[in-house]
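Take a look at the letters that make up each chain.
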Amino acid sequence: MDGNLSARVLVCGGAVGLVVNTGEFLLNGVLLHEEWGTVMQSLGRPPPGGASIVSLTVMTFLLGVATMWLYVNLRRGCDSDREAVLRTALVSWLFAYGLGFGWSWALGVFPLSLYLPTLVWSGLELLLGTLVGARLYAWRRPVLGGGLG
């Protein structure tokens, strides 16, 4: 990946991360806030906050960058940007949430009442984030090399 392409992946991945982080705040910090507190207390752990929130936020931005890298590589083999966005969002969702978070439900660490809304919500936020990232990536796309503009 050349420097210009790498910079675009980072910037657009940051946009994906911003969308997903906003969605995660709304889901976990607002809608499921009480349930998270109850579940963490039942595990003998403090509610998420401070360093754990910072770590999760950084990881979500890294997920955004990885999602854009995947999009850039998948779109070459797709018939349309729409197909590339859908495939990218599905693969990112599967690895990050379906499998990545799924172990905690399968082992009984987190209840279905947290896992199921997270699966559905994350699929939607990753799809929206990937759409935003793909649109930003396509905006002012250089024709033959060149910079970001």
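Our structure is the block above this text.
Residues numbered from 1 in each chain as written. Predicted model: local features only at pLDDT ≥ 70, side-chain atom pairs only at ≥ 80, totals over all residues. Heavy atoms only, no water.

**What to know about the packing of aromatic side chains**
Tallying each qualifying case throughout the model produces five aromatic pairs. With a centroid separation of 5.6 Å and an interplanar angle of 40 degrees, the aromatic rings of F101 and Y115 are classed as tilted. Residue F101 is located in the loop between helix 4 (81-99) and helix 5 (102-106), and its partner Y115 is located in helix 6 (residues 112-138); the two are separated by 14 residues in the primary sequence. Taking relative accessible area as the criterion, F101 reaches 15% and is therefore assigned buried. One aromatic cluster is present, built from ring pairs that chain together W36, F101, W105, F110 and Y115. Cation over ring: R8 sits above Y137, and NZ or CZ is 4.0 Å from the ring centre. (Phe/Tyr/Trp six-rings, centres within 6.5 Å; stacked < 30°, edge-to-face > 60°. Helix = DSSP H or I, 4+ residues; strand = E, 2+ residues; numbered from the N terminus. Buried < 20%, exposed > 50% of the residue type's maximum accessible area, 1.4 Å probe, protein only. Lys NZ or Arg CZ within 6 Å of the ring centre and 35° of its normal.)

**Thoughts on the nonpolar core**
One finds W36, M68, Y71, Y97, F110, L114 and Y137 to be the most contacted residues of the largest nonpolar core, which totals 25 residues. Among the secondary structure elements, those contributing two or more residues to this core are helix 1 (3-31), helix 2 (33-42), helix 3 (51-74), helix 4 and helix 6. (Core = buried A, V, L, I, M, F, W, Y, C linked by side-chain atoms within 4.5 Å.)

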